[in-house]
Structure formats: C-alpha cells, structure tokens
Amino acid sequence: MRVQLDPAKLVAKGVSLEMCGHSCRWRRRTAKGIDRGHKRAFTIYTNDQLTKAKAWNDVIVSYHNDGPLRVRDIGTAIDGAQDTTQAGWADGKRGVFLVIFQQPGAT
C-alpha cells in the first residue's frame, strides 16, 4: 500500500507532509480501550488496519474550511509494494525477494 501525495495540492490546501504522516500512523494497530473488572483489567485490541487502497483514499487528514480533508483530496492511495526499487528475478521472471537469517541458537 502506498499513498502518493501531490505537492501542488498540499500547498493549495495548506497541509504539510507531517500532518499527513500523523494521520496515517494512527491507523496502525493500537489499543482501543480497557475492560476494567473487579480484580483485573484487559486491554482491548482489534485489527482495523486498512488493507485496500480504496479505503485509504477516504482517510481524513485534517479539517479545513469546516469540512474534512481526505487523502483523495491531496493525492491517491494505490495497492502496490512498499518499495518499488527492489525486486527479485528467477529464470528471467519476476519473483519474490526473500532474505532469511538464522536466529542465534537455532538449528
């Protein structure tokens, strides 16, 4: 998943890259609350990660002029690899680049 922001749209809307990054970071898996019992408290987690680009385009970055400013207003989210500068090839065909490290003490 990648979010591609348009610099001209950012300037026009008065939005910084930091503001966009902050809005996207809160979407990570975080605690949603606490269930407090008589003797114990349990942290509540849920998987609310956005897994498709279409949903990321609706994420609100900030509020401007009494309305929400969404990712689609300043750029676009696309489904794709995190890093497009690295790739794996096998027999002339695109493949998976996988690096495996042996853990200390593993056999």
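In this text the structure is predicted, and so the values were computed from the model without any measurement.

What counts as what
- Residues numbered from 1 in each chain as written.
- Predicted model: local features only at pLDDT ≥ 70, side-chain atom pairs only at ≥ 80, totals over all residues.
- Heavy atoms only, no water.
- Pairing = 2+ DSSP bridges.
- Helix = DSSP H or I, 4+ residues; strand = E, 2+ residues; numbered from the N terminus.
- Buried < 20%, exposed > 50% of the residue type's maximum accessible area, 1.4 Å probe, protein only.
- Contact = heavy atoms within 4.5 Å.
- Salt bridge = Lys/Arg side-chain N within 4 Å of Asp/Glu carboxyl O.
- Patch = residues over 30% accessible without salt bridge, like charges linked within 9 Å, V, L, I, M, F, W, Y side chains within 5 Å.
- Areas by Shrake-Rupley, 256 points an atom, 1.4 Å probe, with all protein chains shown as cover.
- Core = buried A, V, L, I, M, F, W, Y, C linked by side-chain atoms within 4.5 Å.
- pLDDT = per-residue confidence, 0-100.

1. Remarks on the pairing of strand β5 (residues 67–70)
- Direction of pairing for strand β4 (residues 60–64) relative to β5: antiparallel, over a ladder of four bridges. Residue His64 lies in a different strand from β5, and its bridge partner there is Gly67.
- The loop that links β4 with its antiparallel partner β5 comprises two residues; one of these, Asn65, has a positive phi angle of about 50°.

2. Regarding unusual backbone geometry
- A positive phi angle, close to 55°, is found at Asp91, a residue other than glycine.
- Structurally, the position occupied by Asp91 is in the loop between β7 (88–90) and β8 (93–95).
- Of the residues examined, Asp91 reaches a relative accessible area of 81% and is grouped as exposed.

3. Things to note about the environment of Arg94
- Looking at the secondary structure, you find Arg94 in strand β8.
- Residues within four places of Arg94 in sequence aside, it is in contact with Gln86, Ala87, Gly88 and Trp89.

4. What about the pattern of salt bridges?
- Scanning the model with the defined rule gives one salt bridge in all.
- A salt bridge links Asp58 to Arg72, with the shortest nitrogen-to-oxygen separation between them at 2.2 Å. One end of the pair, Asp58, is in the loop between α3 (53–56) and β4; the other, Arg72, is in helix α4 (residues 71–74), with 14 residues separating them in the sequence.
- Asp58 gets classed as partly exposed once you look at its relative accessible area, which sits at 39%.

5. As for a nonpolar patch on the surface
- A surface patch of nonpolar side chains, amounting to about 400 Å² of accessible area, comprises Val96, Leu98 and Ile100.
- Residue position: Leu98 is located in the segment after β8.
- Overall, Leu98 belongs to the exposed group, its relative accessible area being 64%.

6. Quick look at the nonpolar core
- In this structure, Leu10, Val15, Cys20, Ala53, Trp56, Val59, Val61, Leu69, Val71, Ile74 and Ala77 together form the largest nonpolar core, which totals eleven residues.
- If we ignore the near neighbours within four places in the chain, the residues touching Leu69 are Lys13, Val15, Val59, Ile60, Val61, Ser62, Tyr63, His64 and Ile74.

7. Some words on the confidence of the model for the protein
- When the pLDDT values of the protein are averaged, the result is 77; 75% of them are 70 or greater.
- For the protein, strand β2 (residues 31–36) is the element with the lowest average pLDDT, namely 66, and α4 is the one with the highest, namely 90.

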